[in-house]
Amino acid sequence: MADDLSFLEDDLTCIVCCDVFTDPVTLKCSHSLCEKCLQQFWSTRDVPQCPVCRKECSQDEPTKSLAFRALCESFKMRKPAAIVSEVVCGEHKETLKLFCFEDKQPICVVCYTSKKHRNHRCSPVEEAVGNLKEDLKAGMDKLQVNLGDFQEAFDSCVKQAELFKEYSSTAENLIKKEFEKLHQFLREEEEKRIRSLRKELDLQAEKIETRMEELSTQISDLSEKIAAVWQDMEAEDITFLQNYNETLKRLQCPVVPNMHSQTMMTHQPQPFQTMLFTTWARMQNLVEQAPVTLDPNTASNKLQVSEDCSSVQYVEMKLQVSDNPQRLYVGVLASQGFSSGLHCWDVEVGDNEHWTLGVVGETVNRKKLYKMDPKCRFWCFRYVDGLYRKCCKPGKDIDDDERPWVIRVQLDFDRGELRFIDPFRSRNLCTFTGGFPEKVFPYFCTGDGVTPLNLYPANKCHH
């Protein structure tokens, strides 16, 4: 009988309070709980769930069964007499009526009086069960709170995982987009360089072809003269002598061209390493803000500034521009002015045959042609008619094969120094000292309608 009640008790026990159901309710998932235990569990959750299978529930879902409730109440009434009367001490064959709190086990009266449990705190089984279940319920409440905390932490991790997944997708697309810009830039730069090379080679090939035709004609003419001279030499003596003067004229040798100079390319392509450097420098503009940008509002009417304000080119026809107070009579200024600190910017001059770089004072008269003199607040380095000039004075002699492709302008306002440098050969081209009486603006000018001046950040500044 006790065994039957024990099995029945397992089926009638609430998973939350571990006691026989009180006011039992049943969820749609078929799990049953005490109504109070279920409501207490739901109070710790954001969404109602079954404590057993975690299936989501609705607030009006629990259903009551009067027959199930009556069964549980009947079991409670029968349980003490049935179980307690049948469970006996294995050692003394006496009913287990006491509970030893020291050894945490039920004992009989004989055990209580024995030396084994002397001075142990004990109480009747019914009293001990009530006290111990209250202690367990208190512990269960703590575990229930911990369970809620763990579930909350789990839900937070789920949200973080979703956010990381979304961030990963966004970051990956951004990386692809930015690198596609670099790839596109390199593809366009490669195509541009190849087109330029082919154009130059086609031009040289055309010149060589023309020269070959000229030489072929000269060879044909010279062969005819040689044949005529041989014919004159084979004539009769009197005829030979009569034609001797004309024969001498045929022997006059034409000037033989210098084959090496004739076949040399009239223009040497940009050195390979220089081309890579300038390409890299341009690519920096995609990811780095240039230290100076051109101000279109200051550009004179024969200078065309690019849309990104990083390039300027000379045009033959005057542009239709407003004559605002900022506009220069000749040249263009940067948008940024400097009155302190160290600043560097690189200018790609390339094959440009006519350019001027430098800085000008803020208060100079922009509507007149600058007098190229630091006393007039204009500090510049120029290349005109194949000569380098420091303002109006002759500058450093530079061989054609060592012409700088890039000019680095380095302004140290605090030290009062302006330097123009060839960054490839690490050589100083021109230096101004003596300080600056006012704020200065970078200055650019070109008179070459073929090659623009391109600006980009200096990769390294040297004090």
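Basis of the calculations
Residues numbered from 1 in each chain as written. Predicted model: local features only at pLDDT ≥ 70, side-chain atom pairs only at ≥ 80, totals over all residues. Heavy atoms only, no water. Salt bridge = Lys/Arg side-chain N within 4 Å of Asp/Glu carboxyl O. Helix = DSSP H or I, 4+ residues; strand = E, 2+ residues; numbered from the N terminus. Buried < 20%, exposed > 50% of the residue type's maximum accessible area, 1.4 Å probe, protein only. Pairing = 2+ DSSP bridges. Core = buried A, V, L, I, M, F, W, Y, C linked by side-chain atoms within 4.5 Å. Contact = heavy atoms within 4.5 Å. Patch = residues over 30% accessible without salt bridge, like charges linked within 9 Å, V, L, I, M, F, W, Y side chains within 5 Å. Areas by Shrake-Rupley, 256 points an atom, 1.4 Å probe, with all protein chains shown as cover. Lys, Arg positive; Asp, Glu negative; His and termini not counted. Charge placed at Lys NZ, Arg CZ, Asp CG, Glu CD. Phe/Tyr/Trp six-rings, centres within 6.5 Å; stacked < 30°, edge-to-face > 60°. Lys NZ or Arg CZ within 6 Å of the ring centre and 35° of its normal.

K.L.:
How would you explain the pattern of salt bridges if you had to name every residue and give the values?
P.N.:
Evaluated as defined, the whole model comprises 15 salt bridges. Here Lys176 and Glu172 are joined by a salt bridge, their closest N and O atoms 3.3 Å apart. Highlighted residues: Lys176 and Glu172, both in helix 5 (residues 125-233), separated by four residues, approximately one helical turn. Since its relative accessible area comes to 52%, Lys176 is described here as exposed. Among the ionic contacts, a cluster of salt bridges with common partners joins Glu189, Lys192 and Arg193.

K.L.:
Explain the sheet that holds strand 12 (residues 378-384) residue by residue, including any values.
P.N.:
Taken in spatial order, the six strands line up as 9-18-11-12-13-14 in an open sheet, and their pairing is antiparallel. If you trace the sheet from one side to the other, it starts and ends with strand 9 (332-333) and strand 14 (393-394), each paired once. Here two bridges tie strand 13 (residues 387-390) to strand 14, and the two strands are oriented antiparallel to one another. In the sheet register, Arg389 faces strand 14, and the bridge partner there is Pro394.

K.L.:
Give me the lowdown on the nonpolar core, citing residues and values where you can.
P.N.:
Within the largest apolar cluster, 47 residues are counted, with the highest numbers of intra-cluster contacts made by Trp345, Trp355, Leu357, Leu418, Phe420 and Phe444. Those residues in contact with Leu357, other than ones at most four positions away along the chain, are Val347, Val349, Trp379, Cys380, Phe381, Ile407, Phe420, Tyr443, Phe444 and Leu453. Cys14, Phe21, Cys50 and Phe68 belong to the second-largest nonpolar core, a separate cluster that totals 20 residues.

K.L.:
Could you give me a rundown of a positive patch on the surface, with the residues and numbers involved?
P.N.:
Side chains of Lys371, Lys375, Lys390 and Lys393 sit close together on the surface and give a patch of like positive charge. Mapped onto the elements, Lys375 comes out in the loop between strand 11 (354-361) and strand 12. Accessibility expressed as a relative area gives 78% for Lys375, which makes it exposed.

K.L.:
I'd like a description of the packing of aromatic side chains, backed by residues and values.
P.N.:
Taken as a whole and assessed by the stated rule, the structure comprises 14 aromatic pairs. With a centroid separation of 5.1 Å and an interplanar angle of 70°, the aromatic rings of Trp379 and Phe436 are classed as edge-to-face. Here Trp379 is found in strand 12, whereas its partner Phe436 is found in the loop between strand 17 (427-433) and strand 18 (440-446), with 57 residues between them in sequence. Grouping residues by exposure puts Trp379 and Phe436 together as buried. Plain terms: the ring middles of Phe381 and Tyr388 are 5.8 Å apart, the flat faces sit at 15° to each other, and that makes the pair stacked. Just as Phe381 is buried, Tyr388 falls in that class too. Every member of this aromatic cluster is reached through a ring pair, and the members are Trp355, Phe381, Tyr383, Tyr388, Phe420 and Phe432. In this arrangement the basic side chain of Arg121 is found over the ring face of Phe101, its NZ or CZ atom lying 4.0 Å from the centre.

K.L.:
Can you tell me about unusual backbone geometry, naming the residues and giving the values?
P.N.:
Positive phi, close to 55°, is recorded for Lys104, a residue that is not glycine. Note on placement: Lys104 falls in the loop between strand 4 (98-100) and strand 5 (105-107). Under the relative-accessibility criterion, Lys104 is labelled exposed at 63%. Despite not being glycine, Asp385 has its phi angle at roughly 55°, a positive value. Locating Asp385 in the fold gives a position in the loop between strand 12 and strand 13. Of the residues examined, Asp385 reaches a relative accessible area of 70% and is grouped as exposed.

So far we have only geometry, and geometry alone does not tell us how the molecule works.
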